[in-house]
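Structure at a glance
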Amino acid sequence: MIQAVLFDMDGVLVDTERQICQAAVRMFGERGITVQPEDFLPFVGAGENRYIGGVAEKYGVALDLPEAKLRTYTIYGEIVRGRLEPLRGVREFIRRCREAGVKTAIATSADRMKMEINLRETGLPAETFDATVNGLQVKHKKPSPEIYLTAAQKLGIEPSRCLVIEDAVNGVQAAKAAGMYCMALTTSFDAEQLKDADIICKDLSEAPEDIFRRF
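Residues numbered from 1 in each chain as written. Predicted model: local features only at pLDDT ≥ 70, side-chain atom pairs only at ≥ 80, totals over all residues. Heavy atoms only, no water.

Description of the nonpolar core
- Grouped together as the largest cluster of nonpolar side chains are 77 residues, with contacts concentrated most on Val5, Leu6, Phe7, Phe93, Ile165 and Met183.
- Once you skip the residues sitting within four places of it in the chain, Leu6 turns out to touch Ala105, Tyr148, Ala151, Ala152, Leu155, Cys162, Leu163, Val164, Ile165 and Met180. (Core = buried A, V, L, I, M, F, W, Y, C linked by side-chain atoms within 4.5 Å. Buried < 20%, exposed > 50% of the residue type's maximum accessible area, 1.4 Å probe, protein only. Contact = heavy atoms within 4.5 Å.)

Next comes the structure, spelled out in structure tokens:
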């Protein structure tokens, strides 16, 4: 049986891809650089170092990455204040985990600042979960399996008994590389792009009733 569920954050617990993209576009604009929302798509799920840094590389721009991320997160916090809600099925699925005795963790490539903004604004404090891991706590971001292996270690659960909930291609690859099962949600990418996942659902409200016993 599945003994732990490891949640990605953006696109799984809350949909913030549009807002973080808006914030990053504004940050580049403040520096006189015009970028397009589609420029960020290849870097979704890989953490803000690649999300911002990858676009900077595309345009041949040298950025002070820590400062650029801080400014992006500051803009992002202003954009989402009072406007975030958990995605459909999130609270119910977390409740199902608790009732089944399944441990939970967040494993997000985002930095701690963004993670804390999202949890605060969605009313899902860190204490909702048994553990959290953010992008600053690992060296290698998704599609590396490091973040999921770190989360499993913090929970004391073998990787083969973990189910990852993901929405991004990079995240699905990370979950499978970690030797874990993966349920992908089509909140950010279509089913064909997420085909390496073990299960594909629209959102957590459509998670199978036997999900914890299926593997």
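Next comes the rest of the write-up.
With respect to the packing of aromatic side chains
- Evaluation of the coordinates by the stated rule reveals six aromatic pairs.
- Ring centres of Phe7 and Phe129 lie 6.0 Å apart, and the angle between their planes is 70°; on these two criteria the pair is classed as edge-to-face. Separated by 122 residues along the polypeptide, Phe7 in strand S1 (residues 4–7) and Phe129 in the loop between helix H5 (112–122) and strand S3 (131–133) bring together distant segments of the chain.
- Classification of Phe129 as buried rests on a relative accessible area of 6%.
- Between Phe93 and Phe212, the ring centres sit 5.8 Å apart and the planes meet at 50°, which makes this aromatic pair tilted. Taken together, the positions of Phe93 in helix H4 (residues 90–99) and Phe212 in the segment after strand S6 (199–201) put the pair 119 residues apart, joining distant regions of the chain.
- Phe212 gets classed as buried once you look at its relative accessible area, which sits at 6%. (Phe/Tyr/Trp six-rings, centres within 6.5 Å; stacked < 30°, edge-to-face > 60°. Helix = DSSP H or I, 4+ residues; strand = E, 2+ residues; numbered from the N terminus.)

Description of the pairing of strand S2 (residues 103–107)
- In terms of residue burial, S2 counts as a mostly covered element, since four of its five residues are buried.
- Strand direction decides the pairing type here: S1 and S2, joined by four bridges, are parallel. By the bridge assignment for S2, Ala4 is matched with Lys103.
- One ladder, built from three bridges, connects S2 with S3; its direction is parallel. When the bridges of S3 are listed, Ala105 appears paired with Ala131.
- In this view, the connection linking S2 to its parallel neighbour S3 by way of H5 has right-handed handedness. (Pairing = 2+ DSSP bridges. Right-handed = clockwise from strand over helix to strand, strands pointing away.)

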